[in-house]
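Take a look at the letters that make up each chain.
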Amino acid sequence: MSSLQDSRYILEANNIRKDFNVKVKNNKIVAEEKILKAVDNINLKIKPGETLGLVGESGCGKTTTAKLLLGLYKPTEGKIICEGTDITAFKRKQLKAFRKKAQMIFQDPYESLNPRFKIKDVLIEPLIIHKIGSNYKEQLKIAEDILEEVGLKPAQTYLERYPHEMSGGQRQRVAIARALILNPSLLIADEPVSMLDVSIRAGILSLLRKMIKERNLAAICISHDLSLIRYISDYTAVMYLGKIVEIAPTEQLIKKRFHPYTEALLEAVPNPDPDFKISLQNIKGEAPNPVDKPNGCSFHPRCVKCMEICKKEQPQQVEIEKGHFVLCHLHKNKNS
Ligand SMILES: Nc1ncnc2c1ncn2[C@@H]1O[C@H](COP(=O)(O)OP(=O)(O)OP(=O)(O)O)[C@@H](O)[C@H]1O
Ligand SMILES: [Mg+2]
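Residues numbered from 1 in each chain as written. Chains lettered and ligands numbered in written order. Predicted model: local features only at pLDDT ≥ 70, side-chain atom pairs only at ≥ 80, totals over all residues. Heavy atoms only, no water.

1. Description of the site of ligand 1
What counts, and what does not: Here a residue counts as near a molecule or strand whenever at least one of its heavy atoms sits within 4 Å of it. Counted as a polar contact is a pair of N or O atoms within 3.5 Å, where, for protein atoms, one must be capable of donating a hydrogen and the other of accepting one, and residues adjacent in sequence contribute only when both atoms are in side chains. To measure how exposed things are, a 1.4 Å probe is used in the Shrake-Rupley method; for residues, cover is taken only from the protein chains shown. A run of H or I in DSSP counts as a helix once it spans at least four residues, and a run of E counts as a strand once it spans at least two, with each numbered from the N terminus.
If you check the shell around ligand 1, you find 14 residues, and the closest are S58, G59, K62, T63 and T64. Note that an oxygen atom of ligand 1 is positioned 3.2 Å from one of the backbone N or O atoms of C60. Between ligand 1 and K62 there is a distance of 2.8 Å, counted from an oxygen atom to a side-chain nitrogen or oxygen. Considering ligand 1 on its own, with 630 Å² of exposed area, one finds that the protein chains cover 64% of that surface. Put simply, the parts of the chain that give the shell around ligand 1 at least two residues each are β1 (11-25), β2 (31-46) and α1 (62-69). Considering each element in turn, the shell around ligand 1 owes the most residues, three residues, to α1.

2. Things to note about α1
Here is the rule we go by: The cut-offs for exposure are 20% and 50% of the maximum accessible area for each residue type, with area from a 1.4 Å probe on protein chains only; residues under the lower value are buried, those over the upper are exposed, and the others partly exposed.
With six of eight residues buried, α1 is to be regarded as a mostly interior element. Looking at α1, one finds that the buried residues are K62, T64, T65, A66, L68 and L69. Within two residues after α1, G71 carries a phi angle of roughly 75°, on the positive side.

3. Some remarks on the sheet that holds strand β11 (residues 317-321)
To be explicit about the condition: Each pair of strands is called paired provided DSSP finds at least two bridges between the two strands. Between N-to-C directions, angles cover 0 to 180 degrees, with each direction set by a line fitted to C-alpha atoms, over the stretch in contact for helices.
Spatially, β6-β7-β8-β3-β9-β10-β12-β11 is the arrangement adopted by the eight strands of the open sheet, whose pairing is mixed. The two strands at the open ends of the sheet, each matched to only one other strand, are β6 (102-105) and β11. Strand-to-strand twist in this sheet, taken as the mean axis angle between neighbours without regard to direction, amounts to 20°. Pairing of strand β9 (residues 235-240) with strand β10 (residues 243-249), which is carried by six bridges, proceeds in the antiparallel orientation. For Y235, the partnering residue across the bridge sits in β10 and is P249.

Right, here's the structure in full:
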């Protein structure tokens, strides 16, 4: 990501790791404590107006990365710098201020909206928490404006409704409105359309893209669907078992991918089914359990181009072209 280095980043994650202690039954009686490396030494940088796509199979650590970046998890190691400050050292009050700046949109809008709240209350609640607007009338006006901005017009038609009185697409628009009402500078969307009917996905995605550009947000969009990532993201990071194995400007990555795993992802057949798991036809088996990662490169047991070194040594990240990084023994730095 060297091309980003000359400008101001909204968010910078430096060598972040997240380990979970999990109990694994090695036989029917004993449960052994093991360490699950959900996020394993990741570096990311994003700047205003730019969207980073995070793509990879289920369990590779996308949501954990998002939660780390939002301060919802404390990293086991590493720093997360937002506008010059390390959020991992924040006290409660600083975290509250940071949460105002950093918002998330979840996969299931029905779960993320309180079913007992009318839409107006869903939207006004964050304004009350963060003391925005001098009275209820002013807060209601802010809520109306944001509803119209996300395409729910006229706002009065929706304010008195409960989430269950709206369609899935309308609920996701409300979730977007709630995320934007505090004027954040960072937005993370975790599989924002995978629960929605295929026919309305494009509308929600184009709304998200428009909001990110108009409001100059730094954004991260998580998906297993590369066509979606291609539509919305300026940069794409491919994750495998907690690591970023390739990262580049999206079009560059699509045209010229270097990691065998990215290759496999790009050749996976797109499938509109919301429960779709990436069907990787040109690699073997399923992703290994992150509790027992293979030695060397974690991808080696499934890699069609596996060499002896891949079984023994972890690869180091190399910048193969300007702004294009890959973690694979097949590739060396251009100058080395
Ligand atoms: N709180 C937790 N405690 C223990 N293990 C966890 C916890 N959260 C996640 N994990 C494990 O960490 C790994 C990464 O999980 P994560 O939810 O980040 O994956 P993901 O890429 O978002 O997957 P999906 O595409 O299915 O949403 C998985 O092996 C998961 O089981
Ligand atoms: Mg997830």
